[in-house]
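Residues per chain, in single letters:
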Amino acid sequence: MKAACWYGNGDIRVETVRDPTIIDPHDAVVKISLTAICGSDLHIYNGYIPGMEPGDILGHEFMGEIVEVGAKVERVKKGDRVVVPFTICCGKCFFCKTQQWSLCDNTNPNAPVLQKMYGATGSGLFGYSHLYGGYAGGQAEYARVPFADVGPIVIENGLSDEQVLFLSDIFPTGYMAAENCNIQPGDVVAVWGCGPVGQFAIRSAYMLGAERVIAIDHIPERLRMAKNIGKADVIDYSSTDILAELNDMTGGRGPDSCIDAVGMEAHGNGIQHAYDRTKQALMMETDRPGVLRKAIMACRKGGTVSIPGVYGGFIDKVPMGAAFAKGLTLKMGQTHTPKYLRPLLDRVQSGEIDPSFVISHRTTLDEAPAAYEIFNRRENGCTKVVMRPS
Ligand SMILES: [Zn+2]
Ligand SMILES: [Zn+2]
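Since the structure is predicted, the reported quantities are computational estimates derived from the model, not experimental observations.

Peer 1: So, the coordination of the zinc ion (ligand 2): which residues are in play, and what are the values?
Peer 2: Each protein donor to the zinc ion (ligand 2) is listed here as C90 (SG), C93 (SG), C96 (SG) and C104 (SG); together their distances run 2.3 to 2.4 Å. One can describe the donor arrangement at the zinc ion (ligand 2) as tetrahedral, given that its 4 donor atoms subtend angles of 102 to 116° at the metal.

Peer 1: Lay out the pairing of strand β12 (residues 212-217) with the relevant residues and their values.
Peer 2: Across the 6 residues that make up β12, a large majority, 5, are buried. Relative to β12, strand β11 (residues 188-192) runs parallel, the two sharing 5 bridges. Directly across from V191, in β12, lies its bridge partner A215. At this point the chain moves from β11, through helix α6 (residues 196-207), to the parallel β12, and the crossover so formed is right-handed.

Peer 1: Could you give me a rundown of the pattern of salt bridges, with the residues and numbers involved?
Peer 2: Summed over all chains, the structure comprises 16 salt bridges. The residue R222 makes a salt bridge to D217 at a minimum N-O spacing of 3.2 Å. Per residue, the accessibility class of R222 equals that of D217, and both read buried. Taken together, the shared-partner salt bridges in this structure form one network comprising R81, D161 and R388.

Peer 1: Explain the coordination of the zinc ion (ligand 1) to me, and be specific about the residues and the numbers.
Peer 2: In a perfect tetrahedron of four donors around a metal, the angles come out at 109.5 degrees. In a perfect octahedron of six, they are 90 or 180 degrees. Binding of the zinc ion (ligand 1) to the protein goes through C38 (SG), H60 (NE2) and D169 (OD), at separations of 1.8 to 2.2 Å. Every donor residue of the zinc ion (ligand 1) comes from the same chain, spaced as C-x21-H-x108-D. Within this pair, whereas C38 is found in the loop between β3 (28-37) and α1 (39-45), its partner H60 is found in the loop between β4 (56-57) and β5 (61-69), the two being separated by 22 residues in sequence. H60 carries the same exposure label as C38, and that label is buried.

Peer 1: Account for unusual backbone geometry, naming residues and giving values.
Peer 2: In this model, S129 sits at a positive phi of 80°, which is unusual for a non-glycine residue. Mapped onto the secondary structure, S129 falls in the loop between β8 (124-125) and β9 (142-145). A positive phi angle, near 50°, is found at N380, a position not held by glycine. Mapped onto the elements, N380 comes out in the loop between α13 (368-377) and β18 (385-388). On the basis of relative accessibility, which here comes to 60%, the residue N380 falls in the exposed class.

The rules behind these values
- Residues numbered from 1 in each chain as written.
- Chains lettered and ligands numbered in written order.
- Predicted model: local features only at pLDDT ≥ 70, side-chain atom pairs only at ≥ 80, totals over all residues.
- Heavy atoms only, no water.
- Donors = N, O, S within 2.8 Å, 3.2 Å for Na, K, Ca; no water.
- Tetrahedral: all angles 85-135°; square planar, octahedral: opposite > 155°, others 65-115°.
- Buried < 20%, exposed > 50% of the residue type's maximum accessible area, 1.4 Å probe, protein only.
- Helix = DSSP H or I, 4+ residues; strand = E, 2+ residues; numbered from the N terminus.
- Pairing = 2+ DSSP bridges.
- Right-handed = clockwise from strand over helix to strand, strands pointing away.
- Salt bridge = Lys/Arg side-chain N within 4 Å of Asp/Glu carboxyl O.

What follows is the structure, given as structure tokens:
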């Protein structure tokens with residue numbers, strides 16, 4: 001089959017590799033009909049995720065038709081059309097049973113490495129390095145899906161692939177980011193980063209009762225989408241003092257919650273950004289926490305900072321004193337994707353939201369190298385790329 005394989009920093013190649021097969025009786029094989037490039041794939045593309053090996057198949061947002069199931073698979077069957085969540089979950093451990101799916105204890109065969117790095121491992125992830133299990137990803141014609149009875153959701157109605165694909169990651173991720181804000185009627189929510197996760201965080205914040213969402217970015221197309229489709233007030237951070245402006249917009253109190261939908265590769269300006277670039281280049285700091293610092297500083301007393309943006313390692317000069325003094329709640333982590341599949345599919349089905357609004361580029365898997373490049377540079381108004389395998 002064809003697959004998008006990683007060979008190093010900025011080096012993606014479409015190659016012919018061996019077809020996946022059932023290797024455990026709980027597996028299924030999915031023939032992929034649509035897949036996407038995620039912002040967090042760019043962290044791999046740009047060399048910030050350790051544990052990659054040449055030839056690894058990328059991709060954790062995919063859907064398709066089940067073409068083969070293992071002997072113990074009962075809930076899904078051959079011919080089912082499914083969306084596959086990016087977190088691989090056993091369904092039986094303490095964490096799965098308490099709906100903390102991304103913390104599953106049993107799906108990362110390389111757990112000891114993360115246990116050393118983080119004290120514990122999260123669930124295995126599709127196409128996201130050997131630290132997370134080395135599972136082949138879904139930017140391919142086929143994928144093996146472990147624990148096929150647990151994660152995948154069957155799509156039975158007439159919705160298009162583009163309308164349901166993002167249940168695999170970015171819609172639940174944006175939704176959980178908003179849910180983590182514990183939004184109360186009248187709340188103001190500030191969202192840093194108007195990429196796809198930020199866009200879904202904006203929409204979700206309104207769904208959960210926010211009165212006003214303020215979206216922050218510097219890329220015109222993204223700000224336009226946040227304003228026109230997300231109905232957010234928008235701020236271009238490159239031309240203003242963001243903290244002063246947020247204060248002005250909230251009567252001097254600050255937003256009730258702040259969402260960092262950017263994560264470790266924050267862009268920015270000024271001396272702190274230069275400091276982070278330098279330390280990151282010298283491998284003295286793994287992540288650039290520019291947005292996290294601002295979110296903590298901007299948030300009102302007693303508010304919540306919610307972090308769906310990915311962090312991988314160590315960060316510097318985070319204003320912990322401010323977070324403490326203001327009594328902030330910090331919530332973060334990989335998305336507990338399976339928990340959100342049914343409720344969010346219901347919202348799509350009812351017409352409340354059509355997630356395909358984030359797509360700017362449609363291409364084929366053969367064009368994956370160019371698609372990565374365009375998405376990475378945010379060229380041609382690129383907000384989100386979907387790829388058909390053939
Ligand atoms: Zn993702
Ligand atoms: Zn589990």
